[in-house]
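Chain by chain, the residues:
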Amino acid sequence: MQKAKITVVGAGLMGHGIAQVFALAGHDVTLTDSFAGTLATAKDRILANLKDLGDDQSAVDRVTLQGDMALALREADYVVEAVLEDLPLKQALFAEIERYVRPDTILASNTSVIPITAIMQGLTRRERALGTHWWNPPFLVPLVEVIQTKWTSAAAIDFTMKLHAAAGKKPAHVKKDVPGFIGNRLQHALWREAISLVEHGICDAETVDSVIKAAFGRRLAVLGPLENADMVGTDLTLAIHQNVLGDIESRPGPSPYLEKLVADGKLGFKSGEGFRRWSPEEQAGLRAKVLAHLKTARANDESA
Ligand SMILES: NC(=O)c1ccc[n+]([C@@H]2O[C@H](COP(=O)([O-])OP(=O)(O)OC[C@H]3O[C@@H](n4cnc5c(N)ncnc54)[C@H](O)[C@@H]3O)[C@@H](O)[C@H]2O)c1
């Protein structure tokens, strides 16, 4: 992959991590943010991550901070937006971005759930616009979903897939701009059933999580559901589905159990109670466990 000029708009949690990945891959990265205080700390945050991961610390020298949007954008080959999750903000921002970039600059949004079509519909050149959905933290989770709208050109998708693969990510081409893309659709199909099991008194929240972690969760990192279905046989999968699908949660909206938790102020870690109670020590312990697991997985990927 040739060295590219990449501009990341938004230097928050996701933006600084995305900038770090592209800089480590050898690209020249310009990082911009409308809040000068956030921009000012971005290089320190990137350097701290690089140190923590044992990555080449000189990568931070390929990151340029630029508070002026026009200057940050004018030479970019590729722009990725990681500002707040707000549709009017993103629409206005892309209209502004399009004024400053070249006609062939590829434009990506890192929205979590807003349809890419809605964000990009006002652009003059919609064929160069797409979604790239990174997962947090960007430098530890390999997946980047590359979302195509009905306007996106094959060339823009091809460039973006190659750019991310060459940077060590695992890009997944999402061929239609559907809500939740691929990863969050799958994840929340599981969460819906998990909540339903608790709602209907089949088990408590801790048990749901243990069943997943102690059984198919152990295999999931190396065995996807469709590989698994082929492994056991599509005929067996069909027989199981004939028996069980009619009983699995299929309501179209959120669970009333979840709605009540929110109405009661049981917001999870931030209030100390959600599906379960969480002391500050338990919260810190779980966060540390997830981070350690992701680091080990990345180290295993690198040595494989
Ligand atoms: N946090 C996650 O786990 C996660 C995962 C995947 C995708 N995302 C998505 O990535 C995007 C960014 O999320 P985040 O968690 O990094 O948010 P964040 O709040 O940490 O960072 C957003 C940054 O955007 C800046 N900003 C706001 N308006 C701007 C503008 N007009 N121009 C330039 N900068 C502006 C803010 O100053 C802030 O620094 C969101 O769309 C979010 O949904 C987040």
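The structure this text deals with has already been given above.
Residues numbered from 1 in each chain as written. Predicted model: local features only at pLDDT ≥ 70, side-chain atom pairs only at ≥ 80, totals over all residues. Heavy atoms only, no water.

Engineer: It is not clear to me how the layout of surface pockets should be interpreted in this structure. Could you clarify?
Structural biologist: Any empty space left between the atoms is revealed when a probe the size of a water molecule rolls over them. Estimated volume of the second largest pocket: approximately 310 Å³. Forming the walls of the second largest pocket are 16 residues, and the residues nearest its centre are Phe139, Ala167, Gly168, Arg298 and Glu302. Among the secondary structure elements, those contributing two or more residues to the lining of the second largest pocket are helix H1 (13-24) and helix H13 (280-303). Of the residues that constitute the lining of the second largest pocket, the class distribution is eight nonpolar, two polar and six charged. (1 Å grid on protein atoms, 1.4 Å probe; cavity = no way out; pocket = protein on both sides within 12 Å on 5 of 7 lines; lining within 4 Å. Points joined across faces, edges and corners; volume = space filled by probe spheres on them. Helix = DSSP H or I, 4+ residues; strand = E, 2+ residues; numbered from the N terminus. Nonpolar A, V, L, I, M, F, W, Y, C, P; charged D, E, K, R; others polar.)

Engineer: Whenever I open this one, the environment of Gly26 confuses me. Can you help?
Structural biologist: Mapped onto the secondary structure, Gly26 falls in the loop between H1 and strand S2 (28-32). Sequence separation between Gly26 and Leu50 is 24 residues, and the spatial gap between their C-alpha atoms is 14 Å. Each residue touching Gly26, except ones within four places of it in the same chain, is listed here: Lys3 and Arg62. (Contact = heavy atoms within 4.5 Å.)

Engineer: Looking at this model, I keep getting lost on the pattern of salt bridges. Mind explaining?
Structural biologist: When the charged atoms of two side chains with opposite charge come close together, those side chains can pair. Taken as a whole and assessed by the stated rule, the structure comprises 18 salt bridges. One salt bridge in this structure joins Arg102 and Asp77, with 3.0 Å as the shortest N-O distance. Of the two residues, Arg102 is situated in the loop between helix H4 (87-100) and strand S5 (106-109) and Asp77 in the loop between helix H3 (69-73) and strand S4 (78-81); the sequence distance between them amounts to 25 residues. Taking relative accessible area as the criterion, Asp77 reaches 23% and is therefore assigned partly exposed. Accessibility expressed as a relative area gives 30% for Arg102, which makes it partly exposed. (Salt bridge = Lys/Arg side-chain N within 4 Å of Asp/Glu carboxyl O. Buried < 20%, exposed > 50% of the residue type's maximum accessible area, 1.4 Å probe, protein only.)

Scope: geometric values only; no functional claims are made or implied.
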